[in-house]
Amino acid sequence: ESYAFSGVDVKGFIQVGEQPDDDDNAPGEDKVVHMNGSIVAFPDACFLMNIHSPEEVTLECLSVVKLYQPTVEYLFIGCEHPVPPSEMNKIKAEFRKKDVVVEQMDIMNCVGTFNILNGEDRRVACVLVVDETEE
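Because the structure is a prediction, the values reported are computed rather than measured. (Residues numbered from 1 in each chain as written. Predicted model: local features only at pLDDT ≥ 70, side-chain atom pairs only at ≥ 80, totals over all residues. Heavy atoms only, no water.)

Participant: Describe the overall build of the protein chain, with residues and values.
Facilitator: Looking only at helices and strands, the protein chain has 3 helices and 8 strands in total. Along the protein chain, helices (α) and strands (β) appear in the sequence β-β-β-β-β-α-β-α-β-α-β when read from the amino end. Of all 135 residues assigned to the protein chain, the portion counted as buried reaches 36%. A total accessible area of about 8,000 Å² is found for the protein chain, and carbon and sulfur atoms account for 49% of it. (Helix = DSSP H or I, 4+ residues; strand = E, 2+ residues; numbered from the N terminus. Buried < 20%, exposed > 50% of the residue type's maximum accessible area, 1.4 Å probe, protein only. Areas by Shrake-Rupley, 256 points an atom, 1.4 Å probe, with all protein chains shown as cover.)

Okay, here's the thing in structure tokens:
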């Protein structure tokens, strides 16, 4: 939904209000949750990650994406500064073996691309790196 230096706002995972009846498809109101820090988001789940800068993005920290079922087609890494090229090459090579396309972009484009593909029911994930070294 939005991004700040303290974290990311996520909308659509929590609903407050009356539960829909079998005959009524109207869910409760979507609430926004502020996640303090970097996250990994899937179409139906969102988790905090213990990374604080693009330099900490490694193949190991992305293992949750490799374990997620069903497997994703696209992984977008959003950060305001680039992941070191040597590590990005390792990440792309490893995910290519699983037929996963990996792209790095700035955070706002990453969120937008994730939302569009998720709206098309594509198997997509994104990692949003909140650079805590920046103020």
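Anyway, onward from the coordinates.
Participant: Give a detailed account of the packing of aromatic side chains, specifying residues and quantitative values.
Facilitator: According to the stated counting rule, one finds 3 aromatic pairs in the structure shown. Ring centres of Phe-42 and Tyr-68 lie 3.9 Å apart, and the angle between their planes is 5 degrees; on these two criteria the pair is classed as stacked. Linking Phe-42 in strand β4 (residues 39-42) with Tyr-68 in the loop between α1 (63-67) and β6 (74-78), this pair joins segments that are 26 residues apart in sequence. Each member of the pair Phe-42 and Tyr-68 is classed as buried. Their ring planes at 5 degrees and their centres at 6.1 Å tell us that Tyr-74 and Phe-76 sit as a pair that is stacked. Grouped by ring-pair contacts, the aromatic residues Phe-42, Phe-47 and Tyr-68 constitute a single cluster. (Phe/Tyr/Trp six-rings, centres within 6.5 Å; stacked < 30°, edge-to-face > 60°.)

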